[in-house]
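For reference, the chains in residue letters:
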Amino acid sequence: MKTKLFSLLCTLMCAGNVFASTIIDGIYYNLNSIDLTAEVTNETGGSWASSYSGSVTIPETVTYSNTTYRVSTIGDYAFYKCSSLTSVAIPNSVTTIGEYAFDYCIGLTSVTIGNSVTTIGSFAFCGCSGLTSITIPNSVTTIGSETFSGCRGLTSVTIGNSVTTIGSWAFSGCSGLTSVTIPNSVTTIGRGAFSSCSGLTLVTIPNSVTTIGTQAFERCSGLTSVIIPDSITTIGSSAFRDCSGLTSVTIPNSVTTIGEKAFYDCYKLTSVTIGNSVTTIGEDAFRDCSGLTKTNYTGTIADWCKIKFGNHSANPMDYSHNFFINDVEIIKDLVLPEGVNTIGDYAFSGCRGLTSVTIPNSVTTIGSETFSGCSSIADIYTYAITPPSAGTYTFFSGVSHHCYIHVPAGTIRAYQMAPGWDEFYHFFEISEVPSGEGKVDVQVTENSAVFSWPVNPTASSYTLIIKKDDVVFCTLTFNSLGQLVGMAFAPTRNMTNATSAETTTYGYSFVVSNLDTNSTYDFVFTAKDASDEVLSEEVGHFTTTPTALPSTLMSTSVSGKILYNNHLYILRDGNLHTATGARVK
């Protein structure tokens, strides 16, 4: 083998054990005589750009002065800015590719990496715009920062299944990439790892990853779909910012934190599902997501009230203007369950569809701008004896000052003087506060019965079974929002087209019709949790009235209370209501 010593900077380096910049067959090496290893380097004292050109094949071993050395490392800056380099083959003996090793080799179109490489250093292939594909072998465990940043021509990447870390900005600006599969070995996707990969349309993140780093997929404008596994606990700030092609996203129940600006300006995003473990959503997380039409939450209303929103743009409801719990929409009436103590800042900001809000006695604090922009709210029912305190800004900002505020008896003056509440003009005492908390109330007429029940904050479903002479008349099942999700009636007793219970000031009510006149029925009412465990069960009976109410009463325009057959009714302009407000005739 023909050899020559091109330049000797130091005859003895590291106690005389390293020969610097020795050129062997056109390739420069630093030779270590202790462990007999060779590091590929560049021309010392010359021009980096002219060190290498064309096609370079690096051997596994080299011989110098009758001593054989194993080529183990591609050194830092070894091929830096060698713009005429077109291809390189790295042998299996190499374990490390150093920092900036092939940085800005713009003519490089082909790289073969041996299967012993464990580390690819930062900026190793940065700016290699001519590179079209790369296979990272299974031996590699770490891809450094900006390793392939700016490789605009890169269309295909195969990441080996031993990689645990994808460094910051590792593939940023690889605009030619259309898809990438991240192996199950990866636990960390670094900051900006795939930012500005504008051609990327699909990303599958494995369930080994726990954190999606800050700006990880920022400005991936072609991204239409992303699958976030249930191992993720944190979505970093600006992680999907400016992903203008993204149309929907589901955030799994494992996620606890969504960083600020995480989905900023994803203006084609139409729906978002937020998992039930989220506790914090940073400022502007959904800012300018103007295409949102659906905000869905997989937890309970009580849990939603606990989420810490950074500002109103952190709440996707501010743009969707609606709210779904487990894909069931809360259309008009929001009933907060007993047990809720605090309604957090911005919790229902922008939910324009709400027409009424019911606040239980347990609430002591309502945060800043909690109902900001809820311009359709006409009635607020609060059962708190002491007016809940307000946040820094008016918690009902955007709600009409002419909204009706319904408060417990004897508390009007306290509410009129309380900060935040004092901005409203119309206060009324709640005249009919149901007694027997937790009990089912039944009001009957000649052939119908109105069942009213309070909200159970932990209930997932309610079931009502009505029998006559031990024969089932009907079985009705309601979800936690009072919507009818299942019904079965006895033959010839088919139900009306009712789809949900009415919302009352303290719970729900439902009218069962087509009952026999002057007959006794038994009923069982059961509340169950999400695991189908029984929370409460009430057994009772009722008797329908023998005749209709006198026609003279029903034709009168006088409004008032009527005690008929030992039941209290309210008559308003010919329409009969139970004491809880449900219409029966």
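Since the model is a prediction, treat every value here as computed from it, not as a measurement. (Residues numbered from 1 in each chain as written. Predicted model: local features only at pLDDT ≥ 70, side-chain atom pairs only at ≥ 80, totals over all residues. Heavy atoms only, no water.)

Looking only at helices and strands, the protein features four helices and 48 strands. Counting across all 585 residues of the protein, residues that qualify as buried make up 51%. Taking contacts inside the protein between residues at least 6 apart in sequence as the whole, the part at least 24 apart equals 42%. Carbon and sulfur atoms form 48% of the exposed surface of the protein, whose accessible area is close to 24,200 Å². (Helix = DSSP H or I, 4+ residues; strand = E, 2+ residues; numbered from the N terminus. Buried < 20%, exposed > 50% of the residue type's maximum accessible area, 1.4 Å probe, protein only. Contact = heavy atoms within 4.5 Å. Areas by Shrake-Rupley, 256 points an atom, 1.4 Å probe, with all protein chains shown as cover.)

So, about the environment of threonine 41. Checked against the element boundaries, threonine 41 lands in strand 4 (residues 37-41). Assessed through its relative accessible area of 10%, threonine 41 is described here as buried.

This brings us to the sheet that holds strand 10 (residues 110-112). Reading across from one edge, 5-8-10 is the order of the three strands in this open sheet, with parallel pairing throughout. Of all the strands in the sheet, just strand 5 (54-57) and strand 10 have a single pairing partner and so form its edges. When the angles between neighbouring strand axes are averaged without regard to direction, this sheet yields 15°. Bridge analysis of strand 5 against strand 8 (residues 85-89) gives four bridges, and the strand direction is parallel. Its bridge partner being in strand 8, serine 55 is matched across the sheet by serine 87. (Pairing = 2+ DSSP bridges. Axes fitted to C-alpha atoms, helices over the stretch in contact; angles between N-to-C directions.)

A few words now on the packing of aromatic side chains. Within a pair of aromatic rings, the relevant descriptors are the distance that separates the centres and the angle that separates the planes. For the structure shown, the criterion picks out 33 aromatic pairs. Judged by centre distance (5.4 Å) and plane angle (5°), the ring pair of phenylalanine 240 and phenylalanine 263 falls under stacked. With a gap of 23 residues between them, phenylalanine 240 in the loop between strand 21 (234-235) and strand 22 (248-251) and phenylalanine 263 in the loop between strand 23 (257-258) and strand 24 (271-274) connect regions that are remote in the sequence. The exposure classification of phenylalanine 240 matches that of phenylalanine 263, with both residues buried. Centroid distance tryptophan 304 to phenylalanine 309: 5.4 Å. Interplanar angle 55°. Geometry classified as tilted. Each member of the pair, tryptophan 304 as well as phenylalanine 309, is classed as buried. By way of ring pairs, the aromatic residues Tyr28, Tyr52, Phe79, Phe102, Phe125, Phe148, Phe171, Phe194, Phe217, Phe240, Phe263 and Phe286 are connected into one cluster. (Phe/Tyr/Trp six-rings, centres within 6.5 Å; stacked < 30°, edge-to-face > 60°.)

The next thing to look at is the sheet that holds strand 24. If you trace the five strands from one edge of the open sheet to the other, you get 22-24-26-28-29, paired in mixed fashion. Taken across any chain shown, the strands that pair with only one partner, and hence form the sheet edges, are strand 22 and strand 29 (328-329). Sheet analysis places strand 22 next to strand 24, joined by four bridges and oriented parallel. If you follow serine 248 over to strand 24, its bridge partner there is serine 271.

Turning to the environment of isoleucine 465, a few remarks are in order. By the secondary structure assignment, isoleucine 465 is in strand 39 (residues 461-468). Sequence spacing of isoleucine 465 and leucine 476 is eleven residues, and the spatial spacing of their C-alpha atoms is 6.5 Å. Setting aside anything within four residues of it in sequence, one finds isoleucine 465 in contact with Val472, Cys474, Thr475, Asp522, Phe523 and Val524.

Attention now moves to the pattern of salt bridges. Counted under the stated rule, the structure contains eight salt bridges. Aspartate 516 is the salt-bridge partner of lysine 468, the closest N and O atoms lying 2.7 Å from each other. In this pair, lysine 468 sits in strand 39 while aspartate 516 sits in the loop between strand 43 (507-512) and strand 44 (520-528), placing the two residues 48 residues apart along the sequence. Several salt bridges share partner residues, and in doing so they unite Lys261, Asp284 and Arg287 into one network. (Salt bridge = Lys/Arg side-chain N within 4 Å of Asp/Glu carboxyl O.)

On average, residues of the protein score 85 in pLDDT, and 85% of them reach the 70 mark or higher. Counted against residues more than four places away or in other chains, residues 1-16, with its pLDDT under 50, gives 25 contacts. Here residues 432-437 is a poorly scored stretch, pLDDT under 50, and it has six contacts once near neighbours within four places are set aside; other chains count. (pLDDT = per-residue confidence, 0-100.)

This next bit is on unusual backbone geometry. Phi is positive for serine 65, which is not a glycine, with a value near 50°. Its place among the elements puts serine 65 in the loop between strand 6 (61-64) and strand 7 (67-74). Here serine 238, not a glycine, exhibits a phi torsion of approximately 55°, which is positive. Inspection of the secondary structure puts serine 238 in the loop between strand 21 and strand 22. For serine 238, a relative accessible area of 9% translates into the label buried.

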